[in-house]
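# Structure at a glance
Chain by chain, the residues run as shown.
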Amino acid sequence: MNSNIKNKFDIHSDPVRTAQKAAQIIAEATQLGESHIALSGGSTPKILFRTLNTPVWRDKVKWENLHFWWGDERMVPQESEESNYGEALRLLSEAPLVMDNMHTPATDLSPEKCAEAYEAELRTYLDIQNDHPSFTITFLGMGEDGHTASLFPGFEENADQPTCISATHPVSGQVRISLSEKAILNSERIYFLTTGRSKAPVISKILEQTVESKTWPASWIHHKHNNLIWLIDEDASPFKD
Ligand code: 6PG
């Protein structure tokens, strides 16, 4: 593995310390000014929210500068434990959130209307570059099948892809809203916030550019974005012996 590939990795001893680094990245961005940060769903960001919810980290964030967005959302009510937004609110219960700065897809609409409305809101708040809104930072998770956000293997990105699309989870059939590949790549910075032993072989295949991994949206993002860091724990490291 060539040494400069390791420059794309920030590896920490465990998920809590990995989440603390993510919290530090968010805190530092908000101290510099208005920050539009897209979050992923799944389990790993929950560790980040628990971290941000503690007094130490709460005080480091300039909350009035922080706009949280979601890179993808499940088409469920926010009361559902499946809701990425709902789970974030529940885990950030002690944080001085500016609720007008918490931007989430309106999952009570149809998927098509939800994607349209979310895209319109994004275009209202974010700078437009390359014809898509540009996030300050995008945190992504990655599934064991190489999906990221709700872009699953087999997803066909086309030239005039909108900023937001509707998608269906290939196993559960759950309908979702997701940022498109182009919208994700438009972010100034991208972090794959990924932990756990099961992700190490997936990352390895992306680095090795195996035939299988070339159909993975996580691989497309890794190879196309020039300001991307894998923020991972040691269990997820592809460099373990
Ligand atoms: C979602 C996600 C999804 C997630 C990955 C990793 O809404 O499910 O955005 O892309 O980030 O599946 O999830 P874990 O962190 O739980 O492994």
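Residues numbered from 1 in each chain as written. Predicted model: local features only at pLDDT ≥ 70, side-chain atom pairs only at ≥ 80, totals over all residues. Heavy atoms only, no water.

The helix and strand inventory of the protein stands at 9 helices and 11 strands. Rg of the C-alpha trace for the protein: 17 Å, near the compact-globule value of 18 Å for 241 residues, within the 12% margin. Considering only C-alpha atoms, the protein reaches an extent of 45 × 40 × 35 Å along its principal axes. For the protein, the residues scored as buried account for 56% of the 241 residues in total. (Helix = DSSP H or I, 4+ residues; strand = E, 2+ residues; numbered from the N terminus. Rg over C-alpha atoms; globule rule 2.2 N^0.38 Å. Buried < 20%, exposed > 50% of the residue type's maximum accessible area, 1.4 Å probe, protein only.)

Another point: the site of the ligand. Looking at the ligand, there are 16 residues lining it, with Ser43, Asp72, Arg74, Ala149 and Lys199 nearest. Between an oxygen atom of the ligand and a side-chain N or O atom of Asp72, the distance comes to 2.7 Å. Within the side chain of Lys199, an N or O atom sits 2.6 Å from an oxygen atom of the ligand. Here the ligand is seated within the largest pocket. Classifying every residue of the shell around the ligand by side-chain character gives 2 nonpolar, 10 polar and 4 charged. (Near = heavy atom within 4 Å. Polar contact = N/O pair within 3.5 Å; in protein donor to acceptor, adjacent residues only side chain to side chain. 1 Å grid on protein atoms, 1.4 Å probe; cavity = no way out; pocket = protein on both sides within 12 Å on 5 of 7 lines; lining within 4 Å. Sits in = over half its atoms within 2 Å of the grid points. Nonpolar A, V, L, I, M, F, W, Y, C, P; charged D, E, K, R; others polar.)

All right, on to the packing of aromatic side chains then. Taken as a whole, this structure holds 9 aromatic pairs when the rule is applied. With 5.7 Å between their ring centres and 75 degrees between their planes, Trp69 and Tyr125 make a pair best called edge-to-face. One end of the pair, Trp69, is in strand E3 (residues 66–70); the other, Tyr125, is in helix H6 (residues 111–125), with 56 residues separating them in the sequence. Taking the relative accessible area as the measure of exposure, Tyr125 reaches 36% and is therefore partly exposed. Three or more aromatic residues link up through ring pairs in this structure, and these residues are Phe9, Phe192, Trp230 and Phe239. (Phe/Tyr/Trp six-rings, centres within 6.5 Å; stacked < 30°, edge-to-face > 60°.)

Counting 68 residues, the largest nonpolar core has Leu48, Leu52, Phe68, Phe139 and Trp230 as its most contacted members. Among the elements that make up this core, the one with the highest residue count is helix H2 (residues 15–32) (7 residues). Each residue touching Leu48, except ones within four places of it in the same chain, is listed here: Ala19, Ala22, Ala23, Ile26, Leu39 and Leu193. (Core = buried A, V, L, I, M, F, W, Y, C linked by side-chain atoms within 4.5 Å. Contact = heavy atoms within 4.5 Å.)

Turning our attention to the side chain of Asp233. Summarising the element assignment, Asp233 is placed in strand E11 (residues 228–233). Buried charge without a partner: Asp233 forms no salt bridge, and the closest opposite charge is Lys240, 7.2 Å away. Of the polar contacts made by the side chain of Asp233, one reaches the backbone nitrogen of Gly196; its length is 3.1 Å. In contact with Asp233, not counting residues within four places along its chain, are Ile11, His12, Asp14, Pro15, Thr18, Thr194, Thr195 and Gly196. (Lys, Arg positive; Asp, Glu negative; His and termini not counted. Salt bridge = Lys/Arg side-chain N within 4 Å of Asp/Glu carboxyl O.)

Ordered by their spatial adjacency, 6 strands build an open sheet running E1-E11-E10-E7-E2-E3, and the pairing between neighbours is parallel. Pairing within the sheet leaves two strands with one partner each, and these edge strands are strand E1 (9–12) and E3. Taking the axes of each pair of neighbouring strands and ignoring which way they run, one obtains an average angle of 20 degrees across the sheet. Of the pairings in the sheet, the one linking strand E2 (residues 35–39) to E3 comprises 5 bridges and is parallel in character. The residue of E3 that forms the bridge with Ile37 is Phe68. Running at roughly 100 degrees to strand E10 (residues 189–194), helix H3 (residues 44–52) makes contact with E2, E3 and E10 of the sheet. The sheet contacts of H6 involve E2 and E3, and relative to E3 the element is tilted by about 155 degrees. (Pairing = 2+ DSSP bridges. Axes fitted to C-alpha atoms, helices over the stretch in contact; angles between N-to-C directions.)

Now for the pairing of E10. Burial analysis of E10 places 5 of its 6 residues in the buried class, the great majority of the element. In this sheet, E10 lies alongside strand E7 (residues 137–140) in parallel orientation, the contact comprising 4 bridges. Its bridge partner lying in E10, Phe139 is registered against Tyr191.

The full count for this structure, using the stated rule, is 11 salt bridges. Put simply, Asp14 and Arg17 hold a salt bridge, and the shortest N to O gap is 2.5 Å. Of the residues examined, Asp14 reaches a relative accessible area of 21% and is grouped as partly exposed. Between Glu82 and Arg74 there is a salt bridge whose closest N-O contact spans 3.2 Å. Taken together, the shared-partner salt bridges in this structure form one network comprising Lys46, Glu87 and Arg90.

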